[in-house]
Amino acid sequence: MVATPTVLEPGALPPGAAELRSRVREFLAETPFTARCDSWLTGADPAFSRRLGERGWLGMTLPERYGGHGRSPLERFVVIEELLAAGAPVGAHWIADRQTGPSVLANGTEEQKERFLPAIARGECFFAIGMSEPDSGSDLASVRTRAKRDGDGWRLHGTKVWTSGAHIAHAILVLARSAPRSDDRHAGLSQFIVALPDERVTIRPIRGLASEHHFNEVVLDGVFVPGSMVLGRIGDGWRQVTAELAYERSGPERLLSTFMLVRLLHGRAPDAAARRALGGLTARLWSLRQASLAVAGALARGDTPELPAALVKDLGTRFEREVVEAARAHAGVEPDLGSPDPLARALAESVVQAPGFTLRGGTNEILRGIVARGLGVR
Amino acid sequence: MGLLEETANDILSGDDPWPALEESGLALVGVPEEAGGSGGDPADAAAVLRAAGYHAAAVPLAETLLAGGLLAGAGLRVPQGVLTAVSGEVEAVEDRGGWTLTGTFRRVPWARSARGLVVLGNGLAAIVDPAHARIREGANVAGEPRDDVVLPGVRAEAAAPCTADAAELRRRGALARAVQLTGAMRRALDLAVRYAGEREQFGRPVGRFQAVQQMLAELAGEATVADVAVRAAVRAPGDPVAVAAAKANASRAAGTVAAIAHQVHGALGVTEEHVLRRVTLRLWSWRDEYGNETAWADDLGAAIAGAPDPWAFITGP
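Residues numbered from 1 in each chain as written. Chains lettered and ligands numbered in written order. Predicted model: local features only at pLDDT ≥ 70, side-chain atom pairs only at ≥ 80, totals over all residues. Heavy atoms only, no water.

### Digging into the overall build of chain A
Here is the rule we go by: In this description a helix means any DSSP run of H or I spanning at least four residues, a strand means any run of E spanning at least two, and both kinds are numbered starting from the N terminus. The quantity called the radius of gyration is restricted to C-alpha atoms. Its globule counterpart is 2.2 Å times the number of residues to the power 0.38. Partly exposed describes any residue whose relative accessible area lies between the buried limit of under 20% and the exposed limit of over 50%, with all areas from a 1.4 Å probe on protein chains only and scaled to the type maximum. Reported accessibility uses the Shrake-Rupley method at a 1.4 Å probe radius. Residues are deemed covered only where the shown protein chains occlude them.
For chain A, the count of helices and strands is 12 helices and eight strands. Taken over the C-alpha trace, chain A has a radius of gyration of 21 Å; the compact-globule value for 378 residues is 21 Å, and the two agree within 12%. Along the longest, intermediate and shortest principal axes, the C-alpha atoms of chain A span 70 × 55 × 40 Å. Looking at the 378 residues of chain A, the share that counts as buried comes to 58%. Accessible area of chain A: about 14600 Å², with a carbon and sulfur share of 51%.

### Remarks on helix α7 (residues 240-265) of chain B
Residues and elements named next belong to chain B. To keep it simple, the criterion reads: Take the number of residues in a helix, subtract one, and multiply by 1.5 Å to get its expected span. Under the rule applied, a polar contact is a pair of N or O atoms within 3.5 Å (in protein, one hydrogen donor and one hydrogen acceptor; residues adjacent in sequence only if both atoms are side-chain atoms).
Here α7 spans 37 Å end to end across 26 residues, near enough to the 38 Å set by a 1.5 Å rise per residue. With 21 of its 26 residues buried, α7 lies for the most part within the structure. The N-terminus of α7 is capped by D239, whose side-chain oxygen sits 2.9 Å from the backbone nitrogen of V241. Where α7 terminates, the next one or two residues include G266, which has phi positive at roughly 60°.

### Re the UniProt feature "domain: Acyl-CoA oxidase/dehydrogenase middle" (unreviewed entry) in chain A
The condition is simple: UniProt positions are given in the numbering used here, feature names are shortened, and annotations may be inferred rather than shown by experiment.
In this structure's numbering, the residues bearing the UniProt feature "domain: Acyl-CoA oxidase/dehydrogenase middle" (unreviewed entry) are residues 128-221 of chain A. Within residues 128-221 of chain A, the helical portion is 0% and the strand portion 49%, while the C-alpha atoms at the span's ends are 17 Å from each other.

### Remarks on the interface of chain B and chain A
For clarity, the cut-off: Residue contacts follow a heavy-atom distance rule, with two residues in contact if any of their heavy atoms lie within 4.5 Å. By buried area we mean how much accessible surface two parts lose on assembly, using a 1.4 Å probe and totalling the loss over both. Salt bridge, as applied in this entry: a Lys or Arg side-chain nitrogen positioned within 4 Å of an Asp or Glu carboxyl oxygen.
If you look at the interface, chain B gives 52 residues, while chain A gives 48 residues. Regarding the contact of chain B and chain A, the summed buried area is about 4500 Å², with carbon and sulfur atoms giving 65% of it. Taken as a group, B:Q214, B:W311 and B:I314 account for 16% of the area that chain B buries against chain A, more than any other trio of residues on that side. Inspection of the region where chain B meets chain A yields seven salt bridges. Between A:R284 and B:E222 there is a salt bridge, with its nearest N and O atoms 2.8 Å apart. Counting only elements with at least two residues in the side of chain B that touches chain A, the list comes to α5 (166-198), α6 (210-235), α7, α9 (293-305) and α10 (310-315) of chain B. Per element, the largest residue contribution to the side of chain B that touches chain A is 17 residues, and it comes from α6(B).

### Some remarks on the packing of helix α1 (residues 3-12) of chain B against helix α3 (residues 42-54) of chain B
Residue and element names in this part refer to chain B. Applicable threshold: All axes here are fitted lines through C-alpha atoms, helices being fitted over the stretch that makes contact, and every angle between N-to-C directions spans 0 to 180 degrees. Small angles under 35 degrees read as roughly parallel and large ones over 145 as roughly antiparallel, with 65 to 115 read as roughly perpendicular and the rest as oblique. For any pair of crossing helices, the crossing counts as left-handed if the nearer helix is rotated counterclockwise from the farther one by less than a right angle, and right-handed if it is rotated clockwise. Amino acid classes used here: Ala, Val, Leu, Ile, Met, Phe, Trp, Tyr, Cys and Pro are nonpolar; Asp, Glu, Lys and Arg are charged; the rest, including Gly, are polar.
For the pair α1 and α3, the least separation of the axes is 9 Å and the interaxial angle reads 30°. As the angle between them shows, α1 and α3 are arranged roughly parallel. Like other packed secondary-structure pairs, α1 and α3 cross with a definite hand, here right-handed. On α3, the residues touching L4, E5, A8, N9 and L12 of α1 are D44, A47, V48, A51 and A52. When its residues are assigned to classes, the contact of α1 with α3 shows seven nonpolar, one polar and two charged.

So, in structure tokens, the structure goes:
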């Protein structure tokens with residue numbers, strides 16, 4: 001009957017999830033922090049990250065022998081959705097916790113695992129992603145950063161851009177071309193771990209729409225990477241990166257970047273029209289959350305739900321913008337980054353960050369292309 | 001696909017499936033056996049209902065399952081045959097050990113075909129024979145009966161105290177329609193994907209055009225998210241937030257899905273022979289029945305406004 005491969009079974013939270021959730025809520029209630037919209041990209045607070053590490057809420061899914069906590073991806077789901085919904089500053093550790101840790105676990109050497117994973121779980125090692133380049137955005141396979149053999153290691157030359165948090169990161173995971181381009185454009189790519197800072201790595205801010213600094217340009221001017229810091233196999237970079245992107249898509253951060261606005265609007269004794277809008281957002285978010293949870297459940301079972309993950313991110317990120325529009329309609333305030341009114345501030349943060357929602361982690365057009373291919377029409 | 005779904009699909013893809021649904025017991029799946037049903041859980045009932053939506057079958061299945069469940073819940077025997085449930089302003093008078101019911105009900109699904117009308121009101125569930133009712137026939141845009149019913153003092157065949165009220169009927173009806181919507185949306189997706197692969201213009205299948213691919217991806221997204229949300233609500237049928245959110249979202253998605261499916265099909269999709277019209281006419285009907293996305297947004301909005309923490313409202317305990 002069903003010709004299209006998109007049926008998702010609901011994800012069920014594990015026993016103990018409610019207890020875990022209430023512990024996170026208690027922590028958030030007693031811990032001082034600056035709440036903001038889009039906090040997983042723009043809210044970096046290393047001290048806050050370390051406190052999460054102390055609680056055992058970083059590297060949750062990593063094995064205990066590498067300093068992790070051996071928890072299920074669905075337990076991690078509970079923790080991160082609580083943090084995101086509160087607008088907590090999770091930006092410093094976000095990439096290391098979400099994708100670099102699992103990627104090092106999957107592809108790394110024993111030495112790499114021992115060096116990076118415990119530090120990630122403590123909130124003491126932050127990673128940046130060196131994928132995008134000035135001429136490589138959606139077409140990631142076109143990266144030009146070169147890796148050249150030098151003795152038992154490699155030297156990297158090239159420029160990475162839109163590198164979130166590189167200025168506070170302890171390392172950057174660089175995708176580079178280690179062999180000349182061939183007919184198979186996915187071949188010849190490799191991943192390298194570059195420890196930061198390094199005198200042959202120049203990191204400069206790329207300021208955002210509000211002139212805020214979280215993106216960077218990272219120039220690699222012949223930085224040396226010892227052979228022991230190649231991640232995975234030389235030439236296997238494309239497969240590794242693609243697998244890594246699966247962690248990037250369809251998590252709760254693709255729905256909740258603007259949830260602060262819902263919270264603040266809710267606190268303003270909404271009138272009938274605002275209540276209706278809140279109700280509509282609630283219905284949509286409840287449904288999208290079920291889909292996100294279902295994808296997390298599938299990932300936890302070891303499936304690779306590429307198509308559902310792509311379509312959840314497409315709908316989820318557009319919902320994040322829908323929240324902004326509803327807030328504009330009902331907040332009765334103008335967006336103002338410097339306002340003492342948290343609603344005006346959150347609205348401003350959302351408006352300036354909104355273009356990024358549907359770009360980062362694969363543009364929505366690319367994602368729909370993935371879905372179309374899954375449907376068999378492409 | 002499970003055996004139940006396979007059987008349901010076999011039956012529901014045929015012409016005139018109702019007799020086979022009754023004979024196989026699928027018309028009362030999810031209704032306890034002790035009450036006269038076929039047994040099974042809400043997920044089983046949803047699987048059959050989803051298949052009915054997928055095949056755009058003109059059968060009073062949701063109505064019979066719903067009314068049967070209400071009778072069973074009140075401890076009453078569930079008869080064979082088409083059932084449908086109503087609630088509203090009901091005057092119930094007890095005399096000679098029975099009940100006489102008076103009331104008027106609008107847009108009752110399949111009333112003209114029903115063997116039993118299950119009436120909720122005044123803390124009672126009662127079953128009456130629609131032969132004693134005045135019925136003014138009406139229909140939704142898909143041509144499914146939606147009749148106005150007047151009970152001019154009709155003696156109930158049976159009645160019993162019942163905790164389910166009008167709000168409960170609306171909730172159960174909304175969940176049933178949401179399940180039907182997801183089945184129909186899945187069909188719209190399958191039809192659109194197949195057509196986009198077959199129909200050639202400018203020397204290639206229209207599905208090769210990025211503009212069409214992007215639309216199909218959006219259709220798939222809406223259908224998939226609505227489906228998983230409704231499946232989650234079926235697992236928690238007593239959770240008012242789950243049901244309200246799932247129906248509101250499915251109703252919203254139905255409009256997008258129907259519009260895209262027709263856009264992909266071009267003018268062909270509107271022709272009388274084409275199955276798409278049976279699907280989309282139902283999407284446009286069911287999305288408004290038992291509360292559309294605006295009605296449920298109002299419900300949810302009122303509830304969340306009164307909740308201390310909007311996030312806890314969404315996650316539940």
